[in-house]
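Examining the three-dimensional arrangement
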Amino acid sequence: MTEFEAYFSGEKIYLNGRKCVKVGETLTKLLSKPTGYYKEVLLFAKNYENRLHYPEDEEEAYNSESFFQEAIKFYAGVEDVIMRLPPYKYLEVVGNRLQDTLNEYAWAFHEYPKMSVLDDEDDDIDYHQHFYVRFGTEDMEDPDMLNEIYTLNDKLKKLAVEMRTYLEDILRVEYAFTAFLERIHSRNRFLTNEEIADTLAEFEDEKKLRMYACDYLRTSGSIQLDYKRLRIKEKTELCEHYKFTSLGAFLYIELFKGLEMHYIPRKCSYCGRWFLIEAGIYSEYCTRPVKGRDDGKTCRDLGHFKKYSEKIANDPIWLTYNRAYKQHYARLLKKKMTQAEFQEWADYAIKLRDMVEHKKIEFDEYYKKIRE
Ligand SMILES: [Zn+2]
């Protein structure tokens, strides 16, 4: 269910060779969804992973129907999450897999609770809704039947592992990817290849502090790569064609491709929501219109203004400049200075401010000169 293909061409990704998304888009969308709640779901998934098999003793046989009903409901819930979130919401995935798998072995179950295995009322059932155990432990001595049951158990195990892996992958987005991306953005600019390498190595070094699979920045499942031709409309493109067995494998590749191509998710410093920085200009602000304003101003517009205002309010160089500007402007209003003299001073003041900002003069000298 979670395996899919993706064709990478430049900044574009064609999911299963069709739906086109940008590099980093899927990760950005997943980062925007709160997933902390899945931590509890993951505990259930691990529990089911240990218990999901054809009943092996009398107690399990007795509880078979109620256990499988609970498990079917649980995995349908997980499948529902998978189908609602990208990338799977763009792919044609089929749910209800536990019930389908059990139905492949329909002969091993009764549709109705039985007092005796001789009853055959439900021989004409095509698709089971209920899973009462058909065989007692003594029947399990037939090697062929035992083999079949082992195959069923393998399939159940595979399904349970796949669902647990998905939950770990989605939690990894919140726990590992968020933390790693915070470091990537700590300098508020694109990092060089060397800086990314160092950031990654430092992040990896902190492994000792981590306990769960979802705290590690790593892939899950497997990745297979070959090169393929993709025809989209009239165009033909040579693509890197990947086969992923899990979401985690895709996200891992997407993150590092994004870092390389400057398509990087980041949290907006103005509204706090995730957005995708797209190649070209680094910005810490998104371009969404700010809520509650009718002038169409975006986070990027207001964010830069806010940053500028904060700078003026806190930076001694700018504070000094502003005070001096106000004093000189007052002189102009009181006609103690001509327009030309004021203009000359204003140009001089900017030059002085630039010099002190670039450390060409000391602050004391700047402070004295600008106030003259
Ligand atoms: Zn924003």
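Our structure's up above, just so we're on the same page.
Report follows, based on the coordinates. (Residues numbered from 1 in each chain as written. Predicted model: local features only at pLDDT ≥ 70, side-chain atom pairs only at ≥ 80, totals over all residues.)

Things to note about unusual backbone geometry
Rule in force here: What counts as a helix is a DSSP run of H or I of at least four residues, what counts as a strand is a run of E of at least two, and both are numbered from the N terminus. Whether a residue is buried, exposed or partly exposed is read from the other C-beta atoms within 10 Å of its own C-beta, which are placed from the backbone; 20 or more gives buried, 12 or fewer gives exposed, and intermediate counts give partly exposed.
Cis geometry is adopted by the peptide bond preceding Pro 87, which originates at Pro 86 and carries an omega value of 0°. Within the secondary structure, Pro 87 is located in the loop between helix 3 (58–84) and helix 4 (97–104). Of note, the phi angle at Asn 96 is positive, near 60°, even though the residue is not glycine. Checked against the element boundaries, Asn 96 lands in the loop between helix 3 and helix 4. The class for Asn 96 is exposed, based on 12 C-beta atoms found within 10 Å.

Re the environment of Leu 15
Structurally, the position occupied by Leu 15 is in strand 2 (residues 12–15). Given 19 C-beta atoms within a 10 Å radius, Leu 15 is considered partly exposed. C-alpha of Leu 15 to C-alpha of Tyr 242: the two residues are 227 residues apart in sequence and 9.9 Å apart in space.

So, the environment of Gly 77
Among the secondary structure elements, Gly 77 is positioned in helix 3. C-beta crowding within 10 Å serves as the criterion here: with 13 such atoms nearby, Gly 77 is assigned to the partly exposed category. Sequence separation of Gly 77 and Gly 95 is 18 residues, and the distance between their C-alpha atoms is 9.7 Å.

Thoughts on the sheet that holds strand 3 (residues 19–22)
Stated precisely, the cut-off is as follows: Any two strands with at least two DSSP bridges between them are considered paired. Every axis corresponds to a line fitted to the C-alpha atoms, with the helix fit spanning only the stretch in contact, and the corresponding angles, defined between N-to-C directions, vary from 0 to 180 degrees. Distance between backbone-placed C-beta atoms decides contact: two residues are in contact if it is within 7 Å.
Across the sheet, 5 strands lie side by side as 3-2-1-7-6; this open sheet has antiparallel pairing. Strand pairing shows two members of the sheet lacking a second neighbour, strand 3 and strand 6 (223–232), which therefore form its edges. Pairwise comparison of adjacent strand axes, ignoring direction, gives a mean angle of 30° for this sheet. Sheet topology note: the strand 1 (residues 4–9)/strand 7 (residues 235–244) ladder contains 5 bridges and is antiparallel. The residue bridging Glu 5 from the neighbouring strand is Lys 243, located in strand 7. Contacts from helix 7 (residues 247–261) reach strand 1, strand 6 and strand 7, with the element oriented near 130° to strand 7.

What to know about the packing of helix 9 (residues 316–333) against helix 10 (residues 339–357)
Worth spelling out the cut-off: Should an angle fall under 35 degrees it is called roughly parallel, over 145 degrees roughly antiparallel, and 65 to 115 degrees roughly perpendicular, with every other angle called oblique. In this count, Pro and Cys sit with the nonpolar residues alongside Ala, Val, Leu, Ile, Met, Phe, Trp and Tyr, while Asp, Glu, Lys and Arg are called charged and the others, Gly among them, polar.
The N-to-C vectors of helix 9 and helix 10 enclose an angle of 175°; their axes lie 11 Å apart at closest approach. Between helix 9 and helix 10, the interaxial angle falls into the category roughly antiparallel. On helix 10, the residues touching Ile 317, Tyr 321, Ala 324, Tyr 325, His 328 and Leu 332 of helix 9 are Gln 339, Phe 342, Trp 345, Ala 349, Arg 353, Val 356 and Glu 357. Within the contact of helix 9 with helix 10, the residues separate by chemical class into 9 nonpolar, 2 polar and 2 charged.

Some words on the packing of helix 3 against helix 5 (residues 143–184)
Two numbers describe a pair of packed helices, the interaxial angle and the distance between the axes. How we decide: Left-handed describes a crossing whose near helix is turned anticlockwise from the far helix by less than a right angle; the clockwise case is right-handed.
Contact geometry of helix 3 with helix 5 gives a least axis separation of 11 Å together with a crossing angle of 45°. By the angle between their axes, helix 3 is oblique relative to helix 5. The handedness of the crossing between helix 3 and helix 5 is left-handed. Taking contact as the criterion, the partners of Tyr 75, Val 78 and Ile 82 in helix 3 are, on helix 5, Met 163, Tyr 166 and Leu 167. Taken together, the residues of the contact of helix 3 with helix 5 break down into 6 nonpolar, no polar and no charged.

Examining helix 3
For clarity, the cut-off: Here the expected length of a helix is defined as 1.5 Å per residue gap, with one fewer gap than residues. Fitting one axis to the seven residues ending at a residue and another to the seven starting there, the bend at that residue is the angle between the two axes.
The end-to-end C-alpha distance of helix 3 is 39 Å, a good match for the 39 Å that 27 residues give at a rise of 1.5 Å each. Within helix 3, the axis deviates most sharply at Ser 64, by approximately 60°. For helix 3, the complete set of buried residues consists of Ser 64, Phe 68, Ala 71, Tyr 75, Val 78, Glu 79 and Ile 82. Those residues of helix 3 that are buried lie in contact with helix 2 (38–51), helix 4, strand 5 (132–133) and helix 5.

Comments concerning the environment of Asn 188
Locating Asn 188 in the fold gives a position in the loop between helix 5 and helix 6 (193–205). Between the C-alpha atom of Asn 188 and that of His 130, which follows or precedes it by 58 residues, the distance is 57 Å.

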